[in-house]
Amino acid sequence: MKFTKYFTIAFILFFIFNCQASDQIFFIRLNQVGFLPGDIKTAVIMSEQPIKSNEFFIRNSFNDEKAYQALLTMTFFSYGNFNYCLEIDFSEFQNEGKYYLEIDGQKSFIFEIGEKIFNNVRDSLSLFFKVQRCGPTNPLLHEPCHLSDVAFVLGHSDSSMVDVTGGWHDAGDYLKFFSTAAYTTYLLLFSYEFDQSKFNYDLDNNQVPDILQEAKVGLDWLLRCRFKDDLFITQVQDISDHSVGWRLPENDTLRYDRPGYAGIGKNQIGIFAAVMSLASRIWSERFYDYEFAKRLLKSATEVYALINTVPDIDSTQSGFYQDFDHWGKLSLGAIELFISTKEKRYYDEALNFADSAKSDFWWSWGNINSLAHYKIAKYDTNYISHIKSNLDNYKTKSNQSSFREATDYTWGSTNSFLGAALQAILYKEVTGKNDYDSLIIFQRDYILGRNPWGTSFIYNVGIAFSKNLHSQIGYFNNGYLPGALSSGPAPVKVLEKYQIDRSNNLLNLFNTDSVNYFDDFNDYITNEPAIGSNATALFVFGFFSKSQ
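Close contact between helix α10 (residues 384-398) and helix α12 (residues 437-447) brings their axes to 10 Å; oriented N to C, the two are set at 60 degrees. By the angle class used here, α10 and α12 are oblique. The handedness of the crossing between α10 and α12 is left-handed. Between α10 and α12, the contacting residues are Leu391, Tyr394, Lys395 and Ser398 on the first element and Ser438, Leu439, Phe442 and Gln443 on the second. Split by residue class, the contact of α10 with α12 holds four nonpolar, three polar and one charged.

In structure tokens form, the structure reads like this:
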């Protein structure tokens with residue numbers, strides 16, 4: 001692809017430009033978007049040799065005048081072949097404007113200090129969901145597609161067609177999943193409820209907050225997925241989607257051959273009840289649509305009533321998104337039902353389930369116990385201790401690296417890092433304490449370039465960003481995929497299990513024996529976007545946005 005070649009040339013030229021002032025080669029890694037004036041502000045220098053200079057400068061990008069200088073902080077971290085990783089701290093510099101760092105004649109990317117610098121990040125992340133829309137939902141970058149979902153149902157005696165058109169494609173392929181769609185829908189609704197001023201943005205000026213407009217896509221699809229009173233469509237399409245080559249969704253040769261999987265478990269009941277209960281309040285209070293709100297709450301209570309008649313985890317699986325626990329989701333469903341109905345039995349059950357859930361020390365579409373603990377902590381602050389246990393674990397991990405990663409690398413590292421930030425935000429909101437502010441900011445900055453690869457993992461955000469995301473829609477739009485969050489670096493021990501034919505090894509210098517990242521179209525492990533990850537990112541960057 002042409003843009004890959006141009007990016008390679010631009011990167012090399014930038015590398016040469018940055019190194020020509022010194023015979024020492026090192027790299028400056030920082031958040032390429034910038035910082036709020038009061039933020040913790042840091043960057044990392046990566047070098048194979050000791051840094052000669054003992055000071056750094058901040059210069060105005062318009063006139064190169066010196067705005068700030070300070071001494072380098074010596075640290076004892078290393079990364080791969082880079083034995084010297086030094087952290088630069090310029091938190092006390094708060095003047096708004098555009099700047100760059102300079103160390104020994106080498107310059108960083110330009111960054112900005114300002115109050116609204118994260119608004120564009122939030123808005124961009126929001127656009128990605130339009131790209132992922134399926135069915136007649138006014139999608140972005142492609143035509144309406146998959147208008148016959150689903151052709152037949154697996155796992156149920158009646159295998160006739162069921163109408164589950166709509167919703168979102170989960171990731172770079174054209175599969176759709178109940179669990180990730182429910183997580184995504186809940187988090188969009190939760191974000192709006194968490195801060196209506198910051199998440200009230202309306203980019204298309206139709207008097208409906210974009211985040212609720214998008215959540216409605218998820219709501220409608222989830223309601224269709226309940227095709228029987230006691231059964232969900234848990235997945236649309238199977239692994240055959242991956243075997244027919246790259247194509248736009250409207251040209252999918254399998255569009256009339258897309259199976260649905262039927263199943264139900266306590267895990268799915270919990271998240272479904274949570275989504276519908278929360279949505280019922282929002283549609284009643286925001287839109288005065290009492291009929292739709294009543295329908296949502298009725299569906300939530302009916303499904304929740306099945307918890308003693310279904311397995312803990314849905315057993316109808318196809319190999320994708322295997323869940324492992326149900327307590328946190330049941331607790332979340334129960335506490336949302338309590339908030340909507342005021343029936344104490346739901347509250348009591350929410351506490352019992354939350355006690356069983358405990359801390360999960362992770363974040364993913366399936367590890368969301370902290371959402372239940374946060375909601376319950378509004379009534380009983382003792383439950384914030386479960387979130388604090390997670391955060392203490394994250395902070396200990398973060399302190400072991402100059403790049404401050406909160407968790408181990410995994411398949412979907414960016415979502416896990418941002419999930420740690422999300423939990424710290426919840427803790428901060430309940431307690432009013434800033435004990436984990438640095439954890440939040442380090443994860444945010446990691447995503448935007450303060451990482452070993454010097455890459456912003458959000459498409460078109462920052463200067464050096466992921467450009468070749470594993471997405472069929474992006475591929476057929478010259479790589480253009482607004483707001484898509486790359487899944488990010490992954491452990492080599494995971495990558496070794498899969499045969500991936502890559503052509504872009506530009507960032508190999510920064511890969512190690514244990515962790516790799518490739519900005520490559522074919523890399524579905526380190527460079528695929530997904531709706532759940534984008535929902536997590538939207539909450540975190542929305543938190544840092546400024547109300548209009």
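Further remarks concern the sheet that holds strand β12 (residues 176-177). The four strands are arranged β11-β14-β13-β12 in an open sheet whose pairing can be described as mixed. The outermost strands of the open sheet, each flanked by one partner alone, are β11 (152-154) and β12.

Geometrically, the link from Asp149 to Val150 is a cis peptide bond, its omega value of -10 degrees lying close to zero. Non-glycine residue Asn460 carries a positive phi angle of around 65 degrees. Position of Asn460 relative to the elements: it lies in the loop between α12 and α13 (472-475).

What follows is about the pairing of strand β3 (residues 42-47). Summarising burial for β3: six of the six residues are buried, a large majority. Burial along β3 is two-sided: the face carrying Thr42, Val44 and Met46 and the face carrying Ala43, Ile45 and Ser47 are both buried. Sheet analysis places strand β1 (residues 26-29) next to β3, joined by four bridges and oriented antiparallel. When the sheet's bridge partners are listed, Ile28 is paired in β3 with Ile45.

The rules behind each value
- Residues numbered from 1 in each chain as written.
- Predicted model: local features only at pLDDT ≥ 70, side-chain atom pairs only at ≥ 80, totals over all residues.
- Heavy atoms only, no water.
- Axes fitted to C-alpha atoms, helices over the stretch in contact; angles between N-to-C directions.
- Helix = DSSP H or I, 4+ residues; strand = E, 2+ residues; numbered from the N terminus.
- Parallel < 35°, antiparallel > 145°, perpendicular 65-115°, else oblique.
- Left-handed = near helix turned anticlockwise from the far one by under 90°.
- Contact = heavy atoms within 4.5 Å.
- Nonpolar A, V, L, I, M, F, W, Y, C, P; charged D, E, K, R; others polar.
- Pairing = 2+ DSSP bridges.
- Buried < 20%, exposed > 50% of the residue type's maximum accessible area, 1.4 Å probe, protein only.

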